[in-house]
Amino acid sequence: MGAVTTIQTAYNLISPLIPNYVISLVVRDMTILELAPTIMSLVFAGKVGSNIAGELGTMRITEQIDALEVMGINSTSYLVLPKIIASLITYPMLVTLAAFLSIYGGYLAGTLTGEITGTEYIYGIRYDFVAFNIAFALIKSFVFAFLVASISAYKGYFTSGGALEVGVASTSAVTNSCIAILLADYLLAQLLL
Amino acid sequence: MIEVRNISKSFDGKQILHNISSTFKKGRTNLIIGASGTGKSVLLKSIVGLVQPDSGSILYDGRDFTSGSKDLKTDVRREIGMLFQGGALFDSMNVEQNIIFPLNVLTKMPKDEKLDRVNICLAKVGLENVNKKMPSEISGGMKKRVGIARAIVNNSQYLFCDEPNSGLDPQTSIKIDNLIKEITHELNITTVVVTHDMNSVMEIGEYVMFMYEGHKLWEGNNENIFDCQVKELEDFIFANNLMRAVRRQKDQQ
């Protein structure tokens with residue numbers, strides 16, 4: 001994403017009045033504010049959300065959840081809570097890694113194609129840096145992680161029927177998570193920026 | 001002993017259970033029989049608390065399970081072991097982890113003791129050297145046996161089996177039936193089995209309750225079931241060629 005943003009920004013910056021370091025400045029802000037937390041969360045919903053819904057749905061239709069209930073175990077807190085906590089812990093790490101790789105990818109694309117020098121790129125990503133953007137990205141990542149894990153767990157946990165319904169629950173978990181992410185993305189931007 | 005008193009249950013306006021009452025005594029195998037869709041599994045799920053009945057009560061050795069406190073329900077549930085139709089083994093755990101699971105979450109037993117219990121239970125159900133196998137690596141009959149081992153590992157006082165013979169060959173079915181009967185007598189527990197298999201009725205039916213369209217129509221045992229005067233039960237029993245042959249033989253004698 002960082003590489004594509006670098007190339008496309010360079011392609012659009014045709015005025016000689018605009019310095020080259022603006023390319024990396026754009027890459028930095030786009031990555032931190034939007035690309036890393038939001039695009040990654042859509043991928044996260046596709047991978048982890050469908051996995052959670054599929055796993056819980058299968059457990060439901062094969063009576064594994066009933067088996068837990070019969071043993072006197074609260075199946076919701078035993079199965080769902082750890083998934084939400086794990087998502088809240090790991091997703092911000094994933095976003096941090098994604099942001100780093102995106103910005104580094106932009107550096108490689110920009111320097112290897114000659115669109116920007118390494119020095120200009122480093123100058124750009126440090127220029128006028130707003131630390132709150134990092135906090136904003138992390139807040140978004142916590143919210144998105146919670147949405148994906150809880151929506152997917154809900155869809156999986158309340159699956160009824162057979163194998164077909166597990167597939168439906170899995171698909172529904174991904175689509176609902178994506179819609180919720182995009183809505184939350186707008187709301188958070190409106191509230192916090 | 002489990003007492004079921006006037007249990008009724010409806011789903012979406014359709015009544016599934018009509019005022020069912022019965023007593024399942026300790027130390028004998030209690031069977032609930034009937035055709036598919038007659039409410040057997042709903043009754044079983046109501047008894048174990050997976051379904052909340054609309055009215056009536058269920059008493060576990062005098063403890064009211066339906067209207068009791070949350071703590072009482074948890075206490076009762078810890079004395080329940082259940083074998084589900086498909087085994088309901090946890091896919092992500094191997095056989096040993098599946099059986100040890102109730103001990104891990106419900107007791108503070110030392111690990112060695114827990115492993116001993118697992119091996120004792122596996123030996124009791126006739127399985128050896130399967131501890132590290134995953135559920136996907138064992139047969140349907142073995143899954144049922146592991147399910148029974150998991151159900152009894154916590155010294156359960158009540159054992160429930162939902163269609164323990166479904167999907168099994170006749171020889172394995174008989175083994176599972178005998179295993180359930182042996183465990184019931186040996187551990188002196190209350191066992192309730194839901195089945196529509198007449199072979200199971202003849203093998204282990206020390207108490208048999210027949211359900212038809214959500215009603216209890218008959219109760220007795222495997223010795224007097226052929227003398228029943230209930231048409232629906234006769235139709236159910238003699239739908240099977242083998243049972244018709246048994247009837248003919250009995251009539252000739």
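So, a few notes on the structure that sits alongside this text.

Definitions and limits used
- Residues numbered from 1 in each chain as written.
- Chains lettered and ligands numbered in written order.
- Predicted model: local features only at pLDDT ≥ 70, side-chain atom pairs only at ≥ 80, totals over all residues.
- Helix = DSSP H or I, 4+ residues; strand = E, 2+ residues; numbered from the N terminus.
- Rg over C-alpha atoms; globule rule 2.2 N^0.38 Å.
- Buried ≥ 20, exposed ≤ 12 C-beta atoms within 10 Å, placed from the backbone.
- Contact = placed C-beta atoms within 7 Å.
- Pairing = 2+ DSSP bridges.
- Expected span 1.5 Å × (residues − 1).
- Nonpolar A, V, L, I, M, F, W, Y, C, P; charged D, E, K, R; others polar.
- Core = buried A, V, L, I, M, F, W, Y, C linked by C-beta atoms within 7 Å.
- Domains from an automatic or database assignment.

With respect to the overall build of chain A
Piece 1. Summing up its helical and strand segments, chain A has seven helices and zero strands in all.
Piece 2. Reading the secondary structure of chain A in the N-to-C direction produces α-α-α-α-α-α-α.
Piece 3. The C-alpha radius of gyration computed for chain A amounts to 21 Å, which surpasses the reference 16 Å derived for 193 residues by more than 25%, pointing to a less compact arrangement than a globule.
Piece 4. In chain A, which comprises 193 residues, the share counted as buried stands at 42%.
Piece 5. Taking the contacts inside chain A whose residues are at least 6 apart along the sequence as the reference set, 84% of them involve residues at least 24 apart.

Looking at the pairing of strand β1 (residues 2-11) of chain B
All names here are of chain B.
Piece 1. Pairing analysis gives seven bridges linking β1 to strand β2 (residues 14-24), with the strands arranged antiparallel. Bridging from a neighbouring strand, K9 pairs with L17 of β2.
Piece 2. Between β1 and β2, which pair antiparallel one after the other, the connecting turn spans two residues, and D12 there sits at a positive phi close to 50°.

Quick notes on helix α6 (residues 170-187) of chain B
Piece 1. In this model α6 of chain B runs 26 Å from its N-terminal to its C-terminal C-alpha over 18 residues, within 8% of the 26 Å that 1.5 Å per residue would give.
Piece 2. Turning to α6 of chain B, the residues buried within the fold contact β3 (29-33), α4 (111-124), α5 (140-152), β7 (158-162), β8 (190-195) and α7 (198-204) of chain B.

Let's talk about the interface of chain A and chain B
Piece 1. Each partner contributes to the interface: chain A provides 10 residues, whereas chain B provides 14 residues.
Piece 2. Along the lines of polarity and charge, the residues of the side of chain A that touches chain B split into four nonpolar, three polar and three charged.

What about the nonpolar core?
Piece 1. Membership of the largest hydrophobic core comes to 114 residues, with the highest contact counts inside it found for V148 of chain A together with I32, M82, I99, A149 and F160 of chain B.
Piece 2. No other element matches helix α2 (residues 21-61) of chain A, which puts 14 residues into this core.
Piece 3. Composition of this core by domain shows at least three residues from each of domain 1 (2-79 + 157-252) and domain 2 (91-155) of chain B.
Piece 4. Residues contacting M82 of chain B, with those up to four places away along its chain left out, are A67 and V70 of chain A together with V48, A151 and F160 of chain B.

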